[in-house]
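# Breakdown of the fold
This is what each chain is made of:
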Amino acid sequence: MLRFPSDQRTEKFLQILKRKSSPKDPGLPKVRDMAHYYFENTPHGTRKNGTKLNTKTHYDYIFREGEYAHMENREEDLAFTSYGNMPSWADHPGMFWEEAEAHRDKPDGRAYREFRFALQEEFTLAENMELVEHLLKETGIKDHHAYSYAIHDKAATFDKDHRNIHCHLMFNEKIIERDRPLPPDKFFNHYAVNRSGEPTQGYRSSREFITKEMTLHLRKRWAEMVNDKFQEKGLSTCISEKTLQTQREELVLSGRNEEAELLNRTPAPHLGSAYRNPAVMQKIMNQIEQTDHESDFPETIEETDISALSSKEQNVLIFANDALLRQVAQQIQQERLRLQKDQNIEKAKIEAAEIKEEPLIITIGDVYSYLEETASNYRKLADNKLGAYKTLKSQILNDQQLRLTAQDKAFNHQYDKTRKAYAKTAKELQHTKELAASLYGVPDKTHELAEYSKKIKLLTEERNLLGKQLNNYRHAIDGEAKEKIDDILKTLQQKNAKNQQQSKQLYAEYLSFKKQVDKYGEAAQKLSTEKMDTILFTDKLPATLNRRCKISGIQSISSLKILVYRGDSYALLDQLPTLPNTTKNIDTSYTVTAVKLGDNISHGTVPKYELQITIDNSSKWKIQTSSIPIKNDSTPEIIRLYTRPESKQKNAALQKELARHTHPILQAAHNQQKQAISSHISSLAEKLILKEKDIHLDAHWNNKSEIIDKAKNAEDRMYQGWHL
């Protein structure tokens, strides 16, 4: 077998990996998925001879336009294209890049800068696009530079089960000033100002992307963005911009030797176009197959000196070895993720079973919130119906209005317009005559009287003309237009009747919803005088405190620190302080609150304890004293095992957001529990409104006689003074 000395340990590890990936051996090593990383910052591409590429030709290539629209013998697919900040004179990005090339003033000048970087097959196209857009925004290209990019997606050359997804991002480094648009002959010119300091042509060119430090920053930032997306999707996959040697050293320092050993290899070279001929590709595939076979039978491996091989042949061997290692690592990662998925399912099933066994506890506050929310919902419905009713009511006409509308519609809405104009002119004429009459015989008012006389004449002519038009319309109404008007009137009457029926229905629905508003609102008002923490219904609540109970209905007792004192177990509600250095002579006594396992549960609560704790000689916490604090009203302090109504409302949005990220099995269990609680709450609310006396307050507390008495008292208080 041909190999480099530095790769011998990697080949041994390859044998280990393949044995570990056998179905007979589920003990998979935890290796990170070798996701592909590639990010290059290129200031205008060059040919082999060092000359600059034609900008428009390069754009055509990455956008698969022009002569590259239908390339032969290429499996690559154009998955997505986008562009932005193109000036008004560029209807298409191809026009912009063509102008950019035309105005490239020097042979070594640059019209664009290109980022070429790998995307990830674990992400959807939309997720990869989101990452590209994030990069555009973060670098400022999105806001300040003309750009275009294309995403290419093709099958990986040496592993058809995987995809090679990457992005070509071209952008012009001119910083666009949106309030100073420029034509092509000035857009690409150097920035210049006049004697007053006012810019006359060109935009400033950004120098932000030319430094090595910026390239290193971009490479690192891209890796962080991709890894954040991996973490968001719950994948253990990651990429790194660091060299294999640096990554390996970091893994060794963190004790992850198996992962470090996988990186103990010669980095795969970039094959380039020289290796794209079929013969070389076949040679690489044969070498991968040979290495794969020999790793299954290590006893057949023969050491061979490769010093006589050409650099091209050595690169082929390195590439083949690296490709195979990536394939095996990906297989292991997929198997490990499958096992993790199975474990998550089993864990979710166990947690779901626990959720279904959690006690249901409903308080007066829960019913009160339901009544208020229901009243609010009905109020919105009532308001909507009332608004719709008023709108429709305004469209309902009486018989006279219907006939006038039909007549107006028969004459293309000119009849009503003429009628109103005649009335307006007649009114103005009458007013003018009254003003003129007041000036008769008044000295020095001859000129004003003459003006009024002229106006009267004009208004009289206008009124007479409108009067003739009205007479013509009226003759037509009684004559040739009568049949047309009757048909229009019939249609309007039908529509009007329908509107009347709908308005009655809307008003009836409004009254129905208003009745519900009053019913639930009055019930909530009556209930508001009660103590909100009073329990109305419980199910599956144990008689004594155990590890499956939850503090405030949220924090499980089993997750708390447990200390034993005189044979009793106490669950601490406070976080213990960090253990101090016991060699120093300092006070190590603390007061913490706790609950005691085995205490009786009364009304959904248990006593609260104050513990004095200290550190013994073996540096362990121990309880010195235990007591129940007393409130000002001489009653002991308590801890609730259920969530108070106000806390439920505050945490509703947070709980909903957390539920979105849980396993579907857990989501289903939570929804089932939520539906059961909602059903009991609505049932209790409806029975209270109807004043039914057969309400079953199924409170499984520790004293049955106490349950009956408390339930009866609560029910009596609920009905006291109610008149529904």
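Quick caveat: nothing in here was measured; it's all calculated off a predicted structure. (Residues numbered from 1 in each chain as written. Predicted model: local features only at pLDDT ≥ 70, side-chain atom pairs only at ≥ 80, totals over all residues. Heavy atoms only, no water.)

### Some thoughts on the overall build of the chain
Our working rule: Secondary structure elements are taken from DSSP: a helix is a run of H or I of four residues or more, a strand is a run of E of two residues or more, and numbering for both begins at the N terminus. Should any heavy atoms of two residues lie within 4.5 Å, those residues are counted as being in contact.
A count of helices and strands for the chain gives 19 helices and 18 strands. For the chain, the share of sequence-separated contacts (at least 6 apart) that also reach a separation of at least 24 residues comes to 70%.

### Description of the pairing of strand β13 (residues 568-572)
What counts, and what does not: Each pair of strands is called paired provided DSSP finds at least two bridges between the two strands.
Note: strand β12 (residues 562-565) against β13, four bridges, orientation antiparallel. Looking at β13, one finds that Tyr-565 is bridged to Asp-568. Counted between consecutive antiparallel strands, the loop separating β12 from β13 contains two residues, among which Arg-566 sits at a positive phi close to 55°.

### Structural notes on the packing of helix α13 (residues 399-410) against helix α14 (residues 415-437)
Heads up, the rule is: For every element, the axis is a line fit to its C-alpha atoms; helices are fit only across the contacting stretch, and the angle between N-to-C directions ranges from 0 to 180 degrees. Our angle categories are set so that under 35 degrees counts as roughly parallel, over 145 as roughly antiparallel, 65 to 115 as roughly perpendicular, and the remainder as oblique. Residue classes follow a fixed rule: Ala, Val, Leu, Ile, Met, Phe, Trp, Tyr, Cys and Pro count as nonpolar, while Asp, Glu, Lys and Arg count as charged, and any other residue, Gly among them, counts as polar.
As a packed pair, α13 and α14 sit with axes 7 Å apart at the nearest point and diverge in direction by 110°. Between α13 and α14, the angle falls in the class roughly perpendicular. Between α13 and α14, the residues in contact are Leu-404, Gln-407 and Asp-408 and Tyr-415, Asp-416, Lys-417 and Arg-419, respectively. Of the residues assigned to the contact of α13 with α14, the class counts are two nonpolar, one polar and four charged.

### Quick word on the pattern of salt bridges
Under the convention used in this document: Salt-bridge detection follows one rule: a side-chain nitrogen of Lys or Arg within 4 Å of a carboxyl oxygen of Asp or Glu.
Overall, the coordinates contain 27 salt bridges when judged by the stated rule. A salt bridge links Lys-142 to Glu-133; the nearest nitrogen and oxygen atoms lie 2.7 Å apart. Here the residues in one salt-bridge network are Glu-40, Glu-114 and Arg-116, joined through shared partners.

### Section: α14
What counts, and what does not: Here a helix's expected span is defined as the number of its residues, less one, multiplied by 1.5 Å. In this scheme, a residue with accessible area under 20% of its type's maximum is buried, one over 50% is exposed, and one in between is partly exposed, where area comes from a 1.4 Å probe on protein chains only.
Spanning 23 residues, α14 covers 33 Å between terminal C-alpha atoms, matching the ideal 33 Å at 1.5 Å per step. Taken as a whole, α14 has its buried residues at Tyr-415, Asp-416, Thr-418, Thr-425, Leu-429, Thr-432 and Ala-436.

### Some words on the nonpolar core
Nonpolar side chains in soluble globular proteins generally cluster together in the buried interior. Basically, it comes down to this: The criterion is simple. A nonpolar core is a set of buried Ala, Val, Leu, Ile, Met, Phe, Trp, Tyr and Cys residues joined through side-chain atoms within 4.5 Å.
Phe-115, Phe-117, Leu-169 and Trp-222 are the most contacted members of the largest nonpolar core, which has 27 residues in total. Among the elements of the structure, β3 (113-118), α4 (125-139), β4 (147-156), β5 (159-171) and α7 (212-232) are those that each provide at least two residues to this core. At seven residues, the largest contribution of residues to this core is made by α7. Setting aside chain neighbours within four positions, we find Phe-115 in contact with Phe-39, Glu-40, Asn-41, Leu-135, Ile-141, Cys-167, His-168, Leu-169, Phe-171, Phe-209 and Leu-218. Formed by 19 residues, the second largest nonpolar core is a distinct cluster that contains Ala-146, Leu-182, Phe-188 and Tyr-203.

### What about the packing of α14 against helix α15 (residues 446-478)?
Short version of the rule: For a crossing to be left-handed, the near helix must be turned anticlockwise from the far one by less than a right angle; the clockwise case is right-handed.
Here α14 crosses α15 at 150°, and the two axes come no closer than 8 Å. The angle between the axes of α14 and α15 places the two elements in the roughly antiparallel class. As for the relative orientation of α14 and α15, their crossing is left-handed in sense. Among the residues forming the contact of α14 with α15, the class breakdown is 15 nonpolar, six polar and seven charged.

### Some details on the side chain of Thr-42
Tracing the backbone through its elements, the reader meets Thr-42 in strand β1 (residues 39-42). On the basis of relative accessibility, which here comes to 14%, the residue Thr-42 falls in the buried class.

### Thoughts on the sheet that holds strand β17 (residues 621-627)
The strand order β12-β13-β14-β16-β17 describes an open sheet built from five strands, whose pairing is antiparallel. Looking at strand neighbours, the two that pair on one side only are β12 and β17, the edges of this open sheet. If you compare each strand with its neighbour and ignore which way they point, the axes differ by 45° on average.

### Some words on the confidence of the model for the chain
Cut-off, in case you're wondering: Confidence of the predictor at the level of single residues is captured by pLDDT, which takes values from 0 to 100.
The predicted model of the chain averages 81 in pLDDT, with 73% of residues at 70 or higher. Considering only residues more than four positions removed or in separate chains, one finds that residues 693-712, a stretch of pLDDT under 50, has 40 contacts. Every residue in residues 714-724 is under pLDDT 50, and counting partners more than four places away or in other chains gives 25 contacts.

### Regarding α4
An ideal rise of 1.5 Å per residue puts 21 Å on 15 residues; α4 measures up with 21 Å between its terminal C-alpha atoms. Here α4 has its buried residues at Glu-127, Asn-128, Leu-131, Val-132, Leu-135, Leu-136 and Thr-139. Just downstream of α4, Gly-140 is the residue with a positive phi angle, here 90°.

### Considerations on the environment of Lys-427
Structurally, the position occupied by Lys-427 is in helix α14. Here the alpha-carbon distance between Lys-427 and Leu-459, two residues 32 residues apart in the chain, equals 9.9 Å.

### Digging into unusual backbone geometry
Even without being a glycine, His-44 presents a positive backbone phi close to 65°. By the element assignment, His-44 lies in the loop between β1 and α2 (55-63). Unlike most non-glycine residues, Asp-444 shows phi in positive territory, near 65°. For Asp-444, the location among the structural elements is in the loop between α14 and α15. Taking relative accessible area as the criterion, Asp-444 reaches 78% and is therefore assigned exposed.

### Things to note about the packing of aromatic side chains
What counts, and what does not: Only the six-membered ring of Trp is used, alongside the rings of Phe and Tyr, when aromatic pairs are assigned; centres must lie within 6.5 Å, and planes under 30 degrees apart are stacked while those over 60 apart are edge-to-face, with the rest tilted. Here, over-ring charges are defined by two tests on the NZ atom of lysine or the CZ atom of arginine: distance to the ring centre within 6 Å, and angle to the ring normal within 35 degrees.
In the structure shown here, the tally under the stated rule is 29 aromatic pairs. Where Phe-96 meets Phe-188, the ring centres are 5.4 Å apart and the plane angle is 50°; that geometry is what we call tilted. You can see Phe-96 sitting in helix α3 (residues 93-102) and its partner Phe-188 sitting in the loop between α6 (184-187) and β6 (192-193), a full 92 residues away along the chain. Residue Phe-96 is classed as buried on the basis of its relative accessible area of 0%. Ring centres of Tyr-415 and Tyr-473 lie 5.7 Å apart, and the angle between their planes is 80°; on these two criteria the pair is classed as edge-to-face. Of this pair, Tyr-415 sits in helix α14 while Tyr-473 sits in helix α15, and the two are 58 residues apart along the sequence. Judged by its relative accessible area of 6%, Tyr-415 falls in the buried class. Here the aromatic residues Trp-89, Phe-96, Trp-97, Tyr-112, Phe-187, Phe-188 and Tyr-203 are joined through ring pairs into a cluster of three or more. Its guanidinium or amino end placed over the ring of Tyr-61, Arg-64 lies 4.8 Å from that ring's centre, counting from NZ or CZ.

### Some points on the side chain of Asn-499
Among the structural elements, Asn-499 can be located in helix α16 (residues 482-527). Leave out the neighbours within four places in its chain, and Asn-499 touches Leu-392, Gln-395 and Ile-396.

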